[in-house]
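Structural features, examined
Spelled out, the chains give:
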Amino acid sequence: MKVYVDNAATTKMSRTAIDAMLPYMEALYGNPSSLYSIGQAAAEALQRARETTAKCLGCEAREITFTSGGSEADNQAIISAAALGEKKGKKHIISTEFEHHAVLHTLNKLEKQGFEITLLNVHENGIVTKEQVASAIREDTCLVTVMYANNEIGTIQPIAEIGAVCKEKCVLFHTDAVQAAGHLHIDVKKQNIDMLSLSAHKFHGPKGIGALYARKGIQLTNIIEGGAQERGKRAGTENVPAIMGMAAAFEEACGYIDKNSAKISALRDKLIDGLSKIPHSILNGAREPRLPGNVNFCFEGIEGESLLLLLDQKNVSASSGSACTSGSLDPSHVLLAIGRSHEIAHGSLRLSLSKWNTEEEAAHILKAVPEVVAYLRNMSPVWRDLKESKKKFIL
């Protein structure tokens, strides 16, 4: 049995997405900027995909810009808000310590350009409050950017409440919804969201395609210069097959959110209950509100890399955190942000589920993880020191 539980990194493409893409890879391969019929067929398809994506978010089609993924959408949203703020003499941006690096690295770049960045502390439960945001907003604040749900520990932020605070203070609000889109109900108007980023491969669509929602009236700054595609705000011939696959996958995912959430949450809770029985372990982030498919634990006395390699030998594909930083030896900045020590953060495991995971797979995981943890601890001099009371247990 091979068990894939790294869906926060990427998901298997759905048959719906593949079928939606094929016509635009075979018969309808025209450039949507061309005037002849095969090009116009592609242009019409683009508009349908834009309308489908907008419907899933509760916005207008003209408020959707197709991008290469969530990272590009994050970059464009933040840089656009910064440019608008600078024109008004406002150069203060608020975010959080546990954002995705697509956000944090963009903010670092802006800081070097003279912007002041406030990163809000994250509580141990993995939640940032509206009160924190309200207290941090100043007269010169031009943007608040807070992720919808954390990509490592799965905690869901009070987006509508934070959006309401920003609206009251007349500050733009952006949310990185890469992990939430297709898994949680989103309505950008009701939730007071000005800009939102998403990525198709997180909800069973193709890689390399995403979207940025920007409320009507927000002037976007170009990240890619060239042609007049995407209303002149994102140059380059549109990837029509990928866009069609994304729209189809998004529509399908949004249509089954409640059904899929019920099934996936039940498996998640089974895993949390089972893994909690391992001595000196801890669930990272609050149990609720949490993404339906996210399970993230730390196990004292082991290294996460060894845990992943041995789990792979037992046919379990998991991760220790964000796939974007999996090559780094540094502990997760997310776990450090919620107060985990360096030595505890090194022993982390993230399991992220999809609609295709089963009860049998969960049972396999609950057998494999305790076995591997016990094996690694028996080999560990750190664990021996803990057991002999030469060091104190943290968990």
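Use the structure listed above.
In short, a report on the structure. (Residues numbered from 1 in each chain as written. Predicted model: local features only at pLDDT ≥ 70, side-chain atom pairs only at ≥ 80, totals over all residues. Heavy atoms only, no water.)

Examining the pattern of salt bridges
Per the stated rule, a full pass over the model turns up 20 salt bridges. The salt bridge partner of Arg287 is Asp269, with a shortest N-O separation of 3.9 Å. Of this pair, Arg287 sits in the loop between β9 (281–283) and β10 (294–299) while Asp269 is found in helix α8 (residues 257–275), placing the two residues 18 residues apart along the sequence. Residue classification places Asp269 among the partly exposed residues on the basis of a relative accessible area of 23%. Between Glu371 and Lys314 there is a salt bridge, with its nearest N and O atoms 3.0 Å apart. Placement of Glu371 in helix α12 (residues 359–379) and of Lys314 in the loop between α9 (304–313) and β11 (316–317) is noted, with a sequence separation of 57 residues between them. Assessed through its relative accessible area of 31%, Lys314 is described here as partly exposed. Connected through shared salt-bridge partners, Arg268, Asp269, Asp273, Arg287 and Glu288 make up one network. (Salt bridge = Lys/Arg side-chain N within 4 Å of Asp/Glu carboxyl O. Helix = DSSP H or I, 4+ residues; strand = E, 2+ residues; numbered from the N terminus. Buried < 20%, exposed > 50% of the residue type's maximum accessible area, 1.4 Å probe, protein only.)

Side note on the environment of Glu168
Relative to the elements of secondary structure, Glu168 occurs in helix α6 (residues 159–169). Given the relative accessible area of 64%, Glu168 is considered exposed. Separated by 24 residues in the primary sequence, Glu168 and Asn192 have C-alpha atoms spaced 10.0 Å apart.

Here we look at the nonpolar core
Residues Leu57 and Val144 are the most contacted members of the largest nonpolar core, which totals 67 residues. The biggest single contributor to this core is helix α7 (residues 240–255), with 10 residues. Not counting chain neighbours up to four residues away, the residues in contact with Val144 comprise Ile94, Val133, Ile137, Ile162, Cys166, Val171, Leu172, Phe173 and His174. (Core = buried A, V, L, I, M, F, W, Y, C linked by side-chain atoms within 4.5 Å. Contact = heavy atoms within 4.5 Å.)

Quick notes on the side chain of Ser354
Position of Ser354 among the secondary structure elements: in the loop between β12 (348–352) and α12. You can call Ser354 buried: its relative accessible area is 7%. In this structure, Ser354 is in contact with Asn7, His204 and Ile264, ignoring residues within four places of it in sequence.

Considering the pairing of strand β7 (residues 195–199)
In terms of burial, β7 is a largely internal element, 5 of the 5 residues being buried. Burial along β7 is two-sided: Met195, Ser197 and Ser199 and Leu196 and Leu198, pointing in opposite directions, are all buried. In this sheet, β7 lies alongside strand β6 (residues 172–176) in parallel orientation, the contact comprising 3 bridges. By the bridge assignment, His174 is partnered in β7 with Met195. (Pairing = 2+ DSSP bridges.)

Looking at the packing of helix α2 (residues 37–57) against α7
Where α2 contacts α7, the two axes come as close as 9 Å, and the packing angle between them is 30 degrees. One finds that α2 runs roughly parallel with respect to α7. The element α2 and its partner α7 pack so that their crossing is left-handed. Taken together, the residues of α7 that come into contact with α2 (itself represented by Ala42, Ala45, Leu46, Arg48, Ala49, Thr52, Thr53, Cys56 and Leu57) are Val240, Ile243, Met244, Ala247, Phe250, Glu251 and Cys254. (Axes fitted to C-alpha atoms, helices over the stretch in contact; angles between N-to-C directions. Parallel < 35°, antiparallel > 145°, perpendicular 65-115°, else oblique. Left-handed = near helix turned anticlockwise from the far one by under 90°.)

So, helix α4 (residues 101–112)
The terminal C-alpha atoms of α4, which comprises 12 residues, lie 16 Å apart, in line with the 16 Å expected from a rise of 1.5 Å per residue. Within α4 the residues assigned to the buried category are Ala102, Val103, Leu104, Thr106, Leu107 and Leu110. Looking at the packing, one finds that the buried side of α4 touches α3 (70–87), β3 (92–96), β4 (116–120), β5 (141–145), β6 and α10 (333–337). Two residues or fewer past α4, Gly114 is found with a positive phi of approximately 100 degrees. (Expected span 1.5 Å × (residues − 1).)

A closer look at the pairing of β6
Of all the 5 residues making up β6, 5 are buried; the element is thus mostly covered by neighbouring parts of the structure. Burial along β6 is two-sided: Leu172, His174 and Asp176 and Phe173 and Thr175, pointing in opposite directions, are all buried. As judged from the 3 bridges shared by β5 and β6, these two strands associate in the parallel manner. Opposite Leu143, over in β6, you have Leu172 as the bridge partner. Taking the sense of rotation as the criterion, the β-α-β connection linking β5, α6 and β6 turns out right-handed. (Right-handed = clockwise from strand over helix to strand, strands pointing away.)

Side note on the packing of α9 against α12
Remark: α9 packs on α12, axes separated minimally by 10 Å, with the N-to-C direction vectors making an angle of 130 degrees. The angle between α9 and α12 places the two elements in the oblique class. Here α9 and α12 pass one another in a crossing that is right-handed. Of α12, the residues touching α9 (which contributes Ser306, Leu307, Leu310 and Leu311) are Ala368, Val369, Val372, Val373, Tyr375 and Leu376. Looking at the contact of α9 with α12, its residues break down into 9 nonpolar, 1 polar and no charged. (Nonpolar A, V, L, I, M, F, W, Y, C, P; charged D, E, K, R; others polar.)

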